[in-house]
Amino acid sequence: MRAEFRVLGPLCVQAGNLAVQVTAGRQRVVLATLAIRAGRVVSFEELAEALWDETPPPNARVAVRNHVKRLRQVLGSAGGRIVTRTPGYLLEADDDDVDLLAFTRLCREGGAAARAGAWPEASVLLGDALALWRGTPLADVPSRMLRDEHGPVLESLRLQAVEWWHEAGLRLGKHGELVSELGALTREHPLRERFRAQYMLALYRCGRQSDALAAYRSARTALVEELGIEPGPDLQDLHQRILDADPDLLLEATAATGTSPPGPQTGAAASPGGLAPTVPRQLPADLRHFAGRRSELNALAGLLAEVGRPGGTVVISAIDGTAGVGKTTLAVHWAHLVASDFPDGQLYVNLRGFDSSGAPVTAPDVVRDFLAALGTPCEQVPASPQAQAALYRTIVAGKRLLIVLDNARDVDQVRPLLPGSPGCLVLVTSRAGLTGLAATDGAHLMVLDMLDEQDARALLACRLGAARMAAEQTAADEVIGLCARLPLALSIAGARAAARPRFPLAVLAGELRDAGGRLDALDTGEATSSVRAVFSWSYQELSQEAARVFRLLGLHPGPDVSAPAAASLAGLPPPRARAALHELTRASLIAEQMPGRYVMHDLLRVYASELAEATDPVPERQAARHRMLDHYLYSANAAAVPLDPVQETYTTGPPQSGVTPEPVGDRDQGLAWFATEDKVLLAVAQHAAETSFDSHAQRLAWTLLTYFDRVGNWQGMATLQRIALACSRRLGDLAGQAHAHRNLARGHLRLGQADEAQAHLAQAVRLSRRLGDPVGEAQAHLSLSVAFHSTCEPHESLRASQRALELAEAAGNPVLWAMACNNVGYNFAKLGDLRQALTYCRRALKEHRQVGRPSTLEATTWDSLGYIYHHLGDHQQATRSYLRAIDLFRQLGVRYQQAESLSHLGDVYDAAGDTLA
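Note that this is a predicted model, so its numbers are computed, not measured.

### A word on the overall build of the protein chain
Across its full length, the protein chain carries 41 helices and 14 strands. Relative to the 2.2 N^0.38 estimate, which gives 29 Å for 917 residues, the radius of gyration of the protein chain is 31 Å and therefore close to what a compact globule would have. Dimensions of the protein chain along its principal axes, counting C-alpha atoms only, are 90 × 70 × 70 Å. Looking at the protein chain as a whole, 53% of its 917 residues are labelled buried. Taking all contacts inside the protein chain whose residues are at least 6 apart in sequence as the whole, residues at least 24 apart take part in 67%. Total accessible area on the protein chain stands at roughly 38,200 Å², and carbon and sulfur atoms take up 51% of it. Across the protein chain, 91 positive and 101 negative side-chain charges occur, with their mean positions spaced 2 Å apart.

Structure below.
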């Protein structure tokens, strides 16, 4: 008997003509998990995490077996589809047996039809796909983890299909039928530019040019006010073409061209009127002097035939070998050769797996960057790393992408970045053997060895020219031997010789032969073959000041450094520091990746660090680190203050002599500085903790709190606060520990981890009482009130906020007192005592407004008043309060809370019957 499993709406199973009811909550979780991953084995661990929201009990494996057994019994004959497969269970199902699989197949076929210009077929296929949706997926499945991980992904998938279906409709001349629906979609999703463009085109084709232009103005206003950005180039170009009354936008003119723009499976949905989609092209520049590696290039070329094979999987090639052997060069060169075979784009990331700072790029950071490169608006990126990874896999599904994951540390760093689409090819480079990637993911392993003699000569000849090589063949062969046929060493040697065309190659060979020291990571095992010696050639040509700057840059954790930060590190005036950086750039010891920002190859960073240890005494190195940390701390403090006028500052006295903090004048400049430096700041805070600068690590973590909260990087925020907590413990700083516990709880609350937050806040309360710190204790109780509110415990939340109010009043802290007043009032409102609530929140507002400038605290209080007036039935006052809160949050750039207040305002309009507002 055929069984159908449906997850695109309320969970249900249809066995023949019989609808099977699965009423037990745990069984519904098991069924939903297996159905979403139909055809794939779901491990015991994955099922346990879904069943108990990532905190399974000790006997989880036994409990999972029991739930599966009962589910099979409930499903009857359909239960036979659930089979045991190591290391868990699998739901055996064809595409037509699970609506999600059918939906994905129909979207893929609809995209293929669109690419072929078969718009009627595309319209039917995509319409059939959307007809499978019956409501909100997983709404009736009691698993927060499943909803958080898959809900946003499924919704994103649906919206993409809606875009494609409307595209087909526009191509078929149905603009008159679609214009009303597209207008509704733009109101429902005001920041989704794709719907805006389709709506504008439909209006224009209906002869409503002025309405189309008004729709653009509305789109621009929403984007500027909500995100602070202008419309994208596609929307701007369409606007200009409508202004010009471009006849090519009309359906007849489009059809007359006989061309079909790329369809929904080629990087992005085809743009109306032939607007080109944005496709990521992230490959670094190809190396000018590439030689050899013929067999490796042929082996990689053989993988192309496997890409997109029906029933196949993502094609992976892992290239490993020693440092400097040319893994990145080979991967990037081959990627450029075949880039045209991947029309949906090329993604690239340096994972920094063997960076000297010891801080590899995390997979969640890469996923967020890839989502941005693939055109995902930041407001559509879910909070949890699991949901982000699922969204990434969904977006690349059906695409033909080349993904280069460079300098990986291990398999665990790579695996979350692998797509699931058979149209993708992934190149991974690493110094470590990635045999696990071959064993479990089917990767093709390639071990890159030193160049053979012929290829080594060819590489050197690319630098020196064939005539010079032939004239000095003996010396050239000696240089090749001394470089151990290592491509990086040969490239540096060739560059050195090319810069001195009048010097015999024998002189170069002699320098190699005499250079002392070893660079352990690149020691070939022969005393005469030291890459350190090769590096030393460029270093020895530097001026004294540039050489010192180079050495000190080895102390910087990366991944890049600004010119002002380098000046502070070296204790130099900025003009002299810039001159030294320019000299290092000319010597190819660093690279200027963008104006004023510099990167150093990780091997050169090791070399620079070793030189610093050998040349600069410990006190001088520590003084340089102190200046560097002061630079980031004082610059971060200057950037943080405009974000929140009542934020506490964590700098005392002037910075060290020689430090030049970066000037940050206003909020926009502060946000821009943080956005540029956020990855560096994370690395610097970790570096400070590892080099006995615990106080700097503490204060950096606390200074960055507001920014990370504003941009929603709550994982990064929690990481920093854990660093601060560890440093506070090492310092024996009880006040610092209490502070870190409070901040770490804030991160957990943002991530929806209320239990963890309450545990940290209990510690903060205990420490504050021990210290006799009523302000710290009040702050902890305030956060506890938020934690209790998130777990729907209003009475506990009220008690915590009342205790905070008592402590703030006793401490004589008016700002804290006003915060507590607001929390007390809001809790009274949630408990139905609206008059009490109004009294407390008005008191809080009066105190907050004494500050004389906008603050998040005042905005939060206006939001509370909006809630109170709403439930008093005073919709007019509620609307005014929410609008004031929204305006303040917008001024302060607090998008998360602005969005919450907008949602609350919508509730008021709905209650007032104003559904069009």
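Moving on from the model shown.
### Quick notes on the sheet that holds strand E2 (residues 12-15)
Ordered in space as E1-E2-E3, the three strands form an open sheet in which the pairing is antiparallel. The open sheet has two edge strands, strand E1 (3-6) and strand E3 (18-20), and neither has a second partner. The average undirected angle you get between the axes of adjacent strands in this sheet is 25°. Looking at chain direction, E2 and E3 are connected through three bridges and run antiparallel. Across the sheet, the residue bridging to Ala 15 is Leu 18, located in E3.

### Section: the pattern of salt bridges
Within this structure, the stated rule accounts for 40 salt bridges. With a shortest N-O distance of 2.9 Å, Glu 46 and Arg 37 are connected by a salt bridge. For Glu 46, a relative accessible area of 31% puts it in the partly exposed group. Where Arg 769 meets Glu 777, a salt bridge forms, and the shortest distance between an N and an O atom there is 2.8 Å. Accessibility expressed as a relative area gives 51% for Arg 769, which makes it exposed. What you see here is one network of salt bridges that share partners, running through Arg 769, Glu 777, Arg 803 and Glu 806.

### Observations concerning the nonpolar core
Core analysis: the biggest nonpolar cluster contains 70 residues, and Phe 550, Leu 553, Leu 584, Tyr 632 and Phe 674 have the highest contact counts within it. Residue contributions to this core peak at nine residues, all from helix H28 (residues 618-640). Not counting residues up to four positions away in its chain, the partners in contact with Phe 550 are Tyr 539, Leu 542, Leu 584, Leu 589, Met 600, Leu 604, Tyr 607, Ala 608 and Leu 611. Formed by 55 residues, the second largest nonpolar core is a distinct cluster that contains Val 20, Ala 63, Cys 107 and Ala 113.

### With respect to the sheet that holds strand E13 (residues 591-594)
Backbone hydrogen bonds are what pair the strands of a sheet, in a parallel or an antiparallel way. Ordered by their spatial adjacency, three strands build an open sheet running E12-E14-E13, and the pairing between neighbours is antiparallel. Every other strand in the sheet has two partners, leaving strand E12 (561-562) and E13 as the edge strands with one partner each. As paired strands, E12 and strand E14 (residues 597-599) are joined by two bridges and run antiparallel to one another. In the strand pairing of E14, Val 561 is matched with Tyr 598.

### Examining the packing of aromatic side chains
Under the defined criterion, the tally for this structure stands at 11 aromatic pairs. A ring pair is formed by Phe 370 and Tyr 392, whose centres lie 5.9 Å apart and whose planes are at 40°; its orientation type is tilted. Of this pair, Phe 370 sits in helix H14 (residues 363-373) while Tyr 392 sits in helix H15 (residues 385-396); the two residues are 22 residues apart in sequence, bridging distant segments of the chain. Tyr 392 shares its class with Phe 370; the two are buried. Taken together, a centroid distance of 6.2 Å and an interplanar angle of 50° make the contact between Phe 550 and Tyr 607 tilted.

### Remarks on the packing of helix H35 (residues 774-790) against helix H36 (residues 794-811)
Close contact between H35 and H36 brings their axes to 8 Å; oriented N to C, the two are set at 160°. Looking at the two axes, H35 sits roughly antiparallel to H36. Helix-helix and strand crossings are classified by hand; for H35 and H36 the assignment is left-handed. Counted together, Pro 774, Val 775, Glu 777, Ala 778, His 781, Leu 782, Leu 784, Ser 785, Phe 788 and His 789 of H35 and Glu 796, Ser 797, Ala 800, Ser 801, Arg 803, Ala 804, Leu 807, Ala 808 and Ala 811 of H36 form the full contact between these two elements. Of the residues belonging to the contact of H35 with H36, the class tally is 11 nonpolar, five polar and three charged.

### Things to note about the pairing of strand E9 (residues 402-408)
Where burial is concerned, most of E9 is hidden: seven out of the seven residues are buried. Here five bridges tie strand E8 (residues 346-350) to E9, and the two strands are oriented parallel to one another. Bridge pairing links Gln 346 to Leu 402 in E9. As defined by bridge partners, E9 adjoins strand E10 (residues 425-430) across five bridges and the pair is classed as parallel. Residue pairing across strands places Leu 402 opposite Leu 425, the latter belonging to E10.

### Some points on the side chain of His 848
When you line up the elements, His 848 lands in helix H38 (residues 834-848). Among the residues examined, His 848 registers a relative accessible area of 4% and is labelled buried.

### Here's the deal with unusual backbone geometry
Residue Thr 86 is joined to Pro 87 through a cis peptide bond whose omega torsion reads 10°. In this structure, Pro 87 sits in the loop between strand E5 (82-85) and strand E6 (88-91). In the segment running from Gly 558 into Pro 559, the intervening peptide bond is cis, with an omega of 5°. Along the chain, Pro 559 turns up in the loop between helix H24 (544-553) and E12. Positive phi is not limited to glycine here, since Ser 692 has a value of about 70°. Looking at where Ser 692 falls in the secondary structure, it is placed in the loop between helix H29 (667-690) and helix H30 (694-703).

### Re the packing of helix H8 (residues 193-205) against helix H10 (residues 233-243)
In contact at an axis separation of 10 Å, H8 and H10 are set at 10° when each is read in the N-to-C sense. In terms of axis orientation, H8 runs roughly parallel to H10. Taking contact as the criterion, the partners of Glu 193, Arg 196, Ala 197, Met 200 and Tyr 204 in H8 are, on H10, Leu 235, Leu 238, His 239 and Ile 242. Counted by class, the contact of H8 with H10 contains six nonpolar, one polar and two charged residues.

### What about helix H20 (residues 473-482)?
Along H20, the residues classified as buried are Ala 475, Ala 476, Val 479, Ile 480 and Leu 482. For H20, the buried positions fall inside an angular range of 165° around the axis, keeping them on one side. Directly beyond the C-terminal end of H20, a positive phi value near 55° is found at Ala 484.

### A short note on the environment of Gln 753
Mapping Gln 753 onto the fold places it in the loop between helix H33 (734-750) and helix H34 (754-771). Within the structure, Gln 753 has its side chain in polar contact with the side chain of His 748 (distance 2.6 Å).

### Some thoughts on helix H2 (residues 44-51)
Burial in H2 covers these residues: Phe 44, Leu 47, Ala 48, Ala 50 and Leu 51. On an axial view of H2, the arc spanned by its buried residues comes to 165°, and they lie on one face. Of the residues trailing H2, Asp 53 is marked for its positive phi of about 50°.

### Considering the confidence of the model for the protein chain
Across the protein chain, pLDDT averages 84, with 91% of residues at or above 70. For the protein chain, per-element mean pLDDT is lowest for helix H11 (residues 251-256), which scores 41, and highest for helix H25 (residues 563-570), which scores 96. Ignoring residues within four places in sequence, the model shows residues 252-277, a span with pLDDT below 50, making 72 contacts including any to other chains.

### Quick notes on the environment of Arg 895
Position of Arg 895 relative to the elements: it lies in helix H41 (residues 895-911). For Arg 895, a relative accessible area of 39% corresponds to the partly exposed category. A C-alpha to C-alpha distance of 28 Å links Arg 895 and Ser 143, two positions 752 residues apart in sequence. Once residues within four sequence positions are removed from consideration, Arg 895 is found in contact with Glu 226, Leu 227, Gly 228 and Cys 378.

### Observations concerning the environment of Arg 621
The residue Arg 621 is located in helix H28 in this model. C-alpha separation for the pair Arg 621 and Leu 552, spaced 69 residues apart in sequence, amounts to 7.5 Å. Ignoring any residue separated from it by four or fewer positions in sequence, one finds Arg 621 in contact with Leu 555, Ala 612, Glu 613 and Asp 616.

Quick notes on the rules
- Residues numbered from 1 in each chain as written.
- Predicted model: local features only at pLDDT ≥ 70, side-chain atom pairs only at ≥ 80, totals over all residues.
- Heavy atoms only, no water.
- Helix = DSSP H or I, 4+ residues; strand = E, 2+ residues; numbered from the N terminus.
- Rg over C-alpha atoms; globule rule 2.2 N^0.38 Å.
- Buried < 20%, exposed > 50% of the residue type's maximum accessible area, 1.4 Å probe, protein only.
- Contact = heavy atoms within 4.5 Å.
- Areas by Shrake-Rupley, 256 points an atom, 1.4 Å probe, with all protein chains shown as cover.
- Lys, Arg positive; Asp, Glu negative; His and termini not counted.
- Charge placed at Lys NZ, Arg CZ, Asp CG, Glu CD.
- Pairing = 2+ DSSP bridges.
- Axes fitted to C-alpha atoms, helices over the stretch in contact; angles between N-to-C directions.
- Salt bridge = Lys/Arg side-chain N within 4 Å of Asp/Glu carboxyl O.
- Core = buried A, V, L, I, M, F, W, Y, C linked by side-chain atoms within 4.5 Å.
- Phe/Tyr/Trp six-rings, centres within 6.5 Å; stacked < 30°, edge-to-face > 60°.
- Parallel < 35°, antiparallel > 145°, perpendicular 65-115°, else oblique.
- Left-handed = near helix turned anticlockwise from the far one by under 90°.
- Nonpolar A, V, L, I, M, F, W, Y, C, P; charged D, E, K, R; others polar.
- Arc of directions from axis to C-beta.
- Polar contact = N/O pair within 3.5 Å; in protein donor to acceptor, adjacent residues only side chain to side chain.
- pLDDT = per-residue confidence, 0-100.

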